[in-house]
Amino acid sequence: MRVLVTGGAGYIGSHTVLQLLAAGHQVVIVDDFSNAKPTVVNRLETLASQPLTVHAFDVADRDRLDALFADPAAPIDAVIHFAAFKAVGESVAKPLDYYRNNLGATLALAEAMLRYDVRHLVFSSSATVYGESAPVPMTEDLPTSATNPYGWTKVMNEQILRDAVVAHPLLRVALLRYFNPVGAHPSGQIGEDPAGIPNNLMPYLAQVALGRIPKLSVFGDDYDTVDGSGVRDYLHVEDLAAGHLAALEWISTHDRPLSVWNLGSGQGTSVLELVRAFERASGREIPYEIVARRPGDIATSYADPSLAERELGWRTTRTVDDMCVDTWRWQQANPHGYPS
Ligand code: UD1
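Residues numbered from 1 in each chain as written. Predicted model: local features only at pLDDT ≥ 70, side-chain atom pairs only at ≥ 80, totals over all residues. Heavy atoms only, no water.

## Some remarks on the pattern of salt bridges
Then, number 1: Inspection of every chain in the model, using the stated rule, returns 16 salt bridges.
Then, number 2: Linking Glu111 and Arg62 is a salt bridge whose minimum nitrogen-to-oxygen distance equals 2.7 Å. On the criterion of sequence distance, the pair formed by Glu111 in helix H5 (residues 95-115) and Arg62 in helix H3 (residues 62-70) is long-range, its members being 49 residues apart.
Then, number 3: Looking at Glu111, the relative accessible area reads 32%, which means it is partly exposed. (Salt bridge = Lys/Arg side-chain N within 4 Å of Asp/Glu carboxyl O. Helix = DSSP H or I, 4+ residues; strand = E, 2+ residues; numbered from the N terminus. Buried < 20%, exposed > 50% of the residue type's maximum accessible area, 1.4 Å probe, protein only.)

## Description of the packing of aromatic side chains
Then, number 1: Considering all chains together, one arrives at six aromatic pairs under this definition.
Then, number 2: Judged by centre distance (5.2 Å) and plane angle (85°), the rings of Trp250 and Trp261 are edge-to-face. Highlighted residues: Trp250 in helix H8 (residues 237-253) and Trp261 in strand E11 (residues 258-263), separated in sequence by eleven residues. Comparing Trp250 with Trp261 shows no difference in burial state: the two are buried.
Then, number 3: A ring pair is formed by Trp330 and Tyr338, whose centres lie 4.9 Å apart and whose planes are at 55°; its orientation type is tilted. Each member of the pair, Trp330 as well as Tyr338, carries the same accessibility label: buried.
Then, number 4: Taking the ring centre of Tyr223 as reference, the NZ or CZ of Arg293 above it sits at 4.0 Å. (Phe/Tyr/Trp six-rings, centres within 6.5 Å; stacked < 30°, edge-to-face > 60°. Lys NZ or Arg CZ within 6 Å of the ring centre and 35° of its normal.)

## Focus on the nonpolar core
Then, number 1: Residues Val17, Leu20, Leu44, Leu176, Trp261, Leu263 and Leu312 are the most contacted members of the largest nonpolar core, which totals 52 residues.
Then, number 2: No other element matches H8, which puts eight residues into this core.
Then, number 3: Among residues more than four places away in sequence, those in contact with Val17 are Val5, Gly8, Val27, Ile29, Leu44 and Leu52.
Then, number 4: With 26 residues, the next largest nonpolar core counts Phe69, Met113, Phe123 and Leu171 among its residues. (Core = buried A, V, L, I, M, F, W, Y, C linked by side-chain atoms within 4.5 Å. Contact = heavy atoms within 4.5 Å.)

## Concerning the packing of H5 against helix H6 (residues 149-167)
Then, number 1: Between H5 and H6, the least distance of the axes is 10 Å, while the angle of their chain directions is 25°. It follows that H5 is roughly parallel to H6 by the angle criterion. Seen along the crossing, H5 lies across H6 with a hand that is right-handed. Mapping the contact onto sequence places Pro95, Tyr98, Tyr99, Asn102, Leu103, Thr106 and Leu107 in H5 and Pro149, Tyr150, Trp152, Thr153, Met156, Asn157, Ile160 and Leu161 in H6.
Then, number 2: Taken together, the residues of the contact of H5 with H6 break down into eleven nonpolar, four polar and no charged. (Axes fitted to C-alpha atoms, helices over the stretch in contact; angles between N-to-C directions. Parallel < 35°, antiparallel > 145°, perpendicular 65-115°, else oblique. Left-handed = near helix turned anticlockwise from the far one by under 90°. Nonpolar A, V, L, I, M, F, W, Y, C, P; charged D, E, K, R; others polar.)

## Structural notes on the sheet that holds strand E3 (residues 53-55)
Then, number 1: Pairing is parallel in the open sheet, where seven strands are placed in the order E3-E2-E1-E4-E5-E6-E11. A single partner strand is all that each edge strand has here, and the edge strands are E3 and E11. In this sheet, adjacent strand axes meet at a mean angle of 20° when their direction is disregarded.
Then, number 2: Here H5 sits on the sheet in contact with strand E1 (2-6), strand E4 (78-81) and strand E5 (120-126), set at roughly 175° to E4.
Then, number 3: Contacts from H8 reach E1, E4, E5, strand E6 (172-178) and E11 within the one sheet, and its direction differs from that of E6 by about 160°. (Pairing = 2+ DSSP bridges.)

Written as structure tokens, this is what we have:
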């Protein structure tokens, strides 16, 4: 298949691109490089031993999308849509930017797909759609909600696509709800490269281990969890990328218009357990202090991934230790992320 990957230079997109190529698919990347460095593409080309087709524009640009979909020499068969703003705190400060960017991209893309009769779409959703008070393990049939504008863009994009498949029943859409993606490509050449000080735990831990940040702040030790710190379902980005290939294959061979799958390990790991695992992986001590809870955080989040296992034959295979080892390899090889 020729697969259009929006956000293909980003963290999850780049890992997925490599797996698509390894599986024999052709890939067309659209990325505006607002949160990715062009050097990612060079690394991907080296790892895949082939040149890549990359278009540097914003997915909301209808004219550029039209030109791409209209090219008779390179017809698009399916789309994986990663491109979006993703920082929770920033979304609270700039909600209109988040709604315009994250909803505008999906609308432009879905409209272009309809115009050019492209029927298969895999959409990056998030476990954040389960909101604040969902019971664990979280199943796909729980009601959706959100606590911040970023989360609402995921809920709203899901709704846009649900409505689109009703009106256009030939569409085949997968909504993939990721839990907490971490880790890096085993080569150490591709990984997560957050701009500035990381918001998320794993990249923060990696920078503390490296000595770039003096210590970790653990946001609360008074949750009702195994050790009082927050519990999350971490999954290796390589497993997550494999989930996209499995979902794409499934929607291409089945007739259900809309599919929703949790992609998680089903296992909860606390902040303090992850600190210990990272210490083992890096051989370095991680200094930390307990501070107040972070507003908006929940105590515990982990998936019931059994639907994806049953339908897609997909499950995670990498352990939390693997995730830490691969993150550490990437971080050591790229202490300042990708070169500009
Ligand atoms: C966060 C987002 C979520 C988004 C996901 C993307 C929030 C509230 N949620 O999930 O919407 O989909 O990232 O990956 O931002 N922690 C610390 N110290 C830190 C950083 C985190 O103790 O410096 C703790 C948090 O309290 C939490 C756990 O580590 O218990 C994981 O946090 P994080 O990596 O930010 O992910 P989520 O909050 O689960």
